[in-house]
Amino acid sequence: HWLERKKLKFSFSKPQYIIIAVAALWSLAHHGLFNFLPYYFNESVETGWNSLVVSGSLTGFVLFIGIIGQLIGGRLGERYKRKNLYSWVVGLNIPFLILMAFYNGWTLVAIVSILGTINLMFQPIHNSLLADVTGSNKRGLVYGFSAGISFSVGSFAGVIGGFIGDVFSIHYIFPSMAVFLFPAVFLAIVLKKTL
């Protein structure tokens, strides 16, 4: 049938596989960060106001700040080679995820605000890089596959982070999410050499 023939005609290239794998690993860290951030703010930031309102508002603020990251990522991706930026926008998340374990209060909010900006720089660079290695007639399929894999893999962050938080402490969740970014950086460097 037509659908079967279309499936047989398309296969992913090595750069596409690498980019999708990097996105899946980034998605684990991203979802781990934002799934547990409201709980962490609730525990670590004292304001004297309703804790649920504050933790939700601070998480919303970090996501709002992420708009700046997406704009910066898009601009950098236009001016420089995206394959060179890829490992940097992934790797720069690592120190801030680790620092989150050691600070609280408004210092923590400042660290997470910077992290939110860096974290969301990834998306425009990733999407543009995927477009660079995919013909225009296949982009819808490849984008859909990439998004599906990213969300599927990222959903495990809730289980992993919840287990770490229960067995150890919520403070260990964020450095644990950073662990997934080390192989992502390695793959991004491999991609740079592949392209």
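These figures come from a predicted structure and were not determined experimentally.

Asker: Which residues make up the packing of aromatic side chains, and what values go with them?
Answerer: Under the definition given, this model contains seven aromatic pairs. Here F12 and Y17 contribute two aromatic rings whose centre-to-centre distance is 5.6 Å and whose plane-to-plane angle is 55°, an arrangement assigned as tilted. On the accessibility criterion, F12 (18% relative accessible area) is buried. Between the aromatic rings of W26 and F122, the centroid separation amounts to 4.4 Å while the plane-to-plane angle is 15°, which identifies the pairing as stacked. In this pair, W26 is assigned in helix α2 (residues 14–44) and F122 in helix α7 (residues 122–132), connecting sequence segments 96 residues apart. Across the pair, F122 and W26 agree in class, each one buried. Put simply, the rings of F12, Y17 and F145 pair up and form one aromatic cluster.

Asker: Before we move on, could you go through a nonpolar patch on the surface and cite the residues and values that matter?
Answerer: There is a patch of nonpolar side chains on the surface, built from I98, L99, F102 and Y103 and spanning about 380 Å² of accessible area. Residue classification places F102 among the exposed positions, given a relative accessible area of 63%.

Asker: Could you give me a rundown of the environment of P15, with the residues and numbers involved?
Answerer: By secondary structure assignment, the location of P15 is in helix α2. Counting along the chain gives 179 residues from P15 to T194, while the straight-line C-alpha distance between them is 7.0 Å.

Asker: How would you summarise the packing of α2 against helix α3 (residues 51–79) if you had to cite specific residues and measurements?
Answerer: Across the interface, α2 lies against α3 with an axial gap of 8 Å and an inter-helix angle of 135°. With respect to α3, the axis of α2 lies oblique. As α2 runs across α3, the sense of the crossing is right-handed. Here α2 contributes F34, L37, P38, F41 and N42 to the contact with α3, which in turn contributes S51, L52, S55, L58, T59, V62 and L63.

Asker: I'd like a description of α2, backed by residues and values.
Answerer: With 31 residues, α2 extends 43 Å from end C-alpha to end C-alpha; this agrees with the ideal 45 Å at 1.5 Å per step. Most of α2 is tucked away, with 23 of its 31 residues classed as buried.

Asker: Give a description of the nonpolar core that names residues and reports values.
Answerer: Membership of the largest hydrophobic core comes to 53 residues, with the highest contact counts inside it found for F41, Y86, L97 and M100. In this structure M100 touches L33, L37, Y40, L108, I111, V112, L115 and F174, once residues within four positions along its chain are discounted.

Asker: Explain the packing of α2 against helix α11 (residues 181–194) residue by residue, including any values.
Answerer: For any two helices packed against each other, one specifies the crossing angle of their axes together with the interaxial distance. Remark: α2 packs on α11, axes separated minimally by 9 Å, with the N-to-C direction vectors making an angle of 160°. The orientation of α2 with respect to α11, classified from their angle, is roughly antiparallel. Relative to α11, α2 is oriented so that their crossing is left-handed. Contact with α2, carried on its side by K14, P15, I18, I19, A21, V22, L25, W26 and A29, involves L181, P183, A184, L187, A188, V190, L191 and T194 of α11 and no other residues of that element. Classifying every residue of the contact of α2 with α11 by side-chain character gives 15 nonpolar, one polar and one charged.

Rules of the game
Residues numbered from 1 in each chain as written. Predicted model: local features only at pLDDT ≥ 70, side-chain atom pairs only at ≥ 80, totals over all residues. Heavy atoms only, no water. Phe/Tyr/Trp six-rings, centres within 6.5 Å; stacked < 30°, edge-to-face > 60°. Buried < 20%, exposed > 50% of the residue type's maximum accessible area, 1.4 Å probe, protein only. Helix = DSSP H or I, 4+ residues; strand = E, 2+ residues; numbered from the N terminus. Patch = residues over 30% accessible without salt bridge, like charges linked within 9 Å, V, L, I, M, F, W, Y side chains within 5 Å. Areas by Shrake-Rupley, 256 points an atom, 1.4 Å probe, with all protein chains shown as cover. Salt bridge = Lys/Arg side-chain N within 4 Å of Asp/Glu carboxyl O. Axes fitted to C-alpha atoms, helices over the stretch in contact; angles between N-to-C directions. Parallel < 35°, antiparallel > 145°, perpendicular 65-115°, else oblique. Left-handed = near helix turned anticlockwise from the far one by under 90°. Contact = heavy atoms within 4.5 Å. Expected span 1.5 Å × (residues − 1). Core = buried A, V, L, I, M, F, W, Y, C linked by side-chain atoms within 4.5 Å. Nonpolar A, V, L, I, M, F, W, Y, C, P; charged D, E, K, R; others polar.

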